[in-house]
Amino acid sequence: MPNFSILLAVGLLSASALGAQKRARVEVLPPPQNAWADDEPFVASAGLLTDASMRDLLANGFPARLHYRLERWVNGRWFDDLKAASEWDVILKYDVLGKKYQVARVVNKKAQSLGEYPTLEEASSALEGPYQTTIALPRKGQRGYYNLLLDVETLSLSDLDEVERWLRGELKPAVSGKKNPGTAVGRGVRTLVVRLLGGEKRHYEARTGTFRL
């Protein structure tokens, strides 16, 4: 039989998700003194986890996974060129027994805990606050811009036990995508939940203005 917590999460889904998604924002912030050639930019966001359906899923133990990709483009005469990119993940999970939210960032397959928090608001502040990225800097004389792509998985198709292993430090299965096949019924129910949320992922983009060096 399907897990009761999954069915409960389905029953708690709300039509307010689309409106909340529109209020969410992501942005790429310039380095100090707009020194684009000397320092990496910052990435910040707000309102990514405010809608009712996301809160209900988190409260029932389903993790949220935020995948960031920051790209640096150089303006060309005919076409813009992608010169560098940096990717990282942030995982947010509610510990139902401990009644606390766990937040961690994964960069280059290395996990860094961002802390444990009693409320979703505090956890959101930790993961959405300005984060200085690591990306190859432009050369003098170039003109270009940064483009940020963010995918928020309200429920990962990865098995939930893989996320548990990830939080315990067993990083490879959850990050590389090498999943335990699980059962057809269990995976089918999880896929159903994702579809009822309106899609597997929510996608956001942000772009800086063109900088000149």
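On a predicted model such as this, the values are computed, not experimentally measured, just so you know.

A. Structural context of empty space enclosed by the protein. Within the structure shown, the criterion is met by 2 cavities of 30 Å³ or more. Around the second largest cavity sit V43, A44, S45, Y68, W88, V90, R105, L127, E128, G129 and Y131, which together line it. For the lining of the second largest cavity, the secondary-structure elements that each account for two or more residues are β2 (42-46), β4 (81-95) and α4 (120-128). Tallying contributions element by element places β2 first for the lining of the second largest cavity, with 3 residues. Of the residues that constitute the lining of the second largest cavity, the class distribution is 7 nonpolar, 2 polar and 2 charged.

B. Structural context of the sheet that holds β2. An order of β1-β2-β7 is seen for the 3 strands of this open sheet, with the pairing classed as antiparallel. The strands lining the two open edges of the sheet, one partner per strand, are β1 (25-29) and β7 (131-132). Two elements, β1 and β2, share 5 bridges in a ladder whose sense is antiparallel. Among the inter-strand pairings, V28 is bridged to a residue of β2, identified as V43.

C. Structural detail: α4. Restricting attention to buried positions, one finds in α4 the residues L120, A123, S124, L127 and E128. Buried residues along α4 cover an arc of 120° about the axis, so they all sit on one side. Contacts from the buried residues of α4 go to β2, α3 (52-59), β3 (64-74), β4, β5 (100-107) and β6 (110-117).

D. Spotlight on the packing of aromatic side chains. Counting across every chain of the model gives 7 aromatic pairs. Seen from their ring centres, W73 and Y145 are 6.5 Å apart, and the 5° between their planes marks the pair as stacked. Separated by 72 residues along the polypeptide, W73 in strand β3 and Y145 in strand β8 (residues 143-153) bring together distant segments of the chain. Taking the ring centre of Y131 as reference, the NZ or CZ of R105 above it sits at 3.8 Å. Above the face of the Y145 ring, R207 is positioned so that its terminal group lies 3.7 Å from the ring centre.

E. Fine view of the nonpolar core. Of all hydrophobic cores here, the largest spans 35 residues; its most connected members are L48, Y68 and L92. Per-element accounting of this core gives the leading share, 5 residues, to β4. Dropping the residues within four chain positions of it, Y68 is found in contact with V43, S45, L48, S86, E87, W88, V90, L127, L148, L149 and L150.

F. Quick look at the pattern of salt bridges. Scanning all chains against the criterion turns up 6 salt bridges. Across the salt bridge formed by R25 and E27, the nearest N and O atoms sit 2.6 Å from each other. Owing to a relative accessible area of 43%, R25 belongs among the partly exposed residues under this scheme. Salt-bridge contacts for R55 lead to E121; the nearest nitrogen and oxygen are separated by 2.9 Å. Here R55 is found in helix α3, whereas its partner E121 is found in helix α4, with 66 residues between them in sequence. E121 gets classed as partly exposed once you look at its relative accessible area, which sits at 44%.

The rules behind the values
Residues numbered from 1 in each chain as written. Predicted model: local features only at pLDDT ≥ 70, side-chain atom pairs only at ≥ 80, totals over all residues. Heavy atoms only, no water. 1 Å grid on protein atoms, 1.4 Å probe; cavity = no way out; pocket = protein on both sides within 12 Å on 5 of 7 lines; lining within 4 Å. Points joined across faces, edges and corners; volume = space filled by probe spheres on them. Helix = DSSP H or I, 4+ residues; strand = E, 2+ residues; numbered from the N terminus. Nonpolar A, V, L, I, M, F, W, Y, C, P; charged D, E, K, R; others polar. Pairing = 2+ DSSP bridges. Buried < 20%, exposed > 50% of the residue type's maximum accessible area, 1.4 Å probe, protein only. Arc of directions from axis to C-beta. Contact = heavy atoms within 4.5 Å. Phe/Tyr/Trp six-rings, centres within 6.5 Å; stacked < 30°, edge-to-face > 60°. Lys NZ or Arg CZ within 6 Å of the ring centre and 35° of its normal. Core = buried A, V, L, I, M, F, W, Y, C linked by side-chain atoms within 4.5 Å. Salt bridge = Lys/Arg side-chain N within 4 Å of Asp/Glu carboxyl O.

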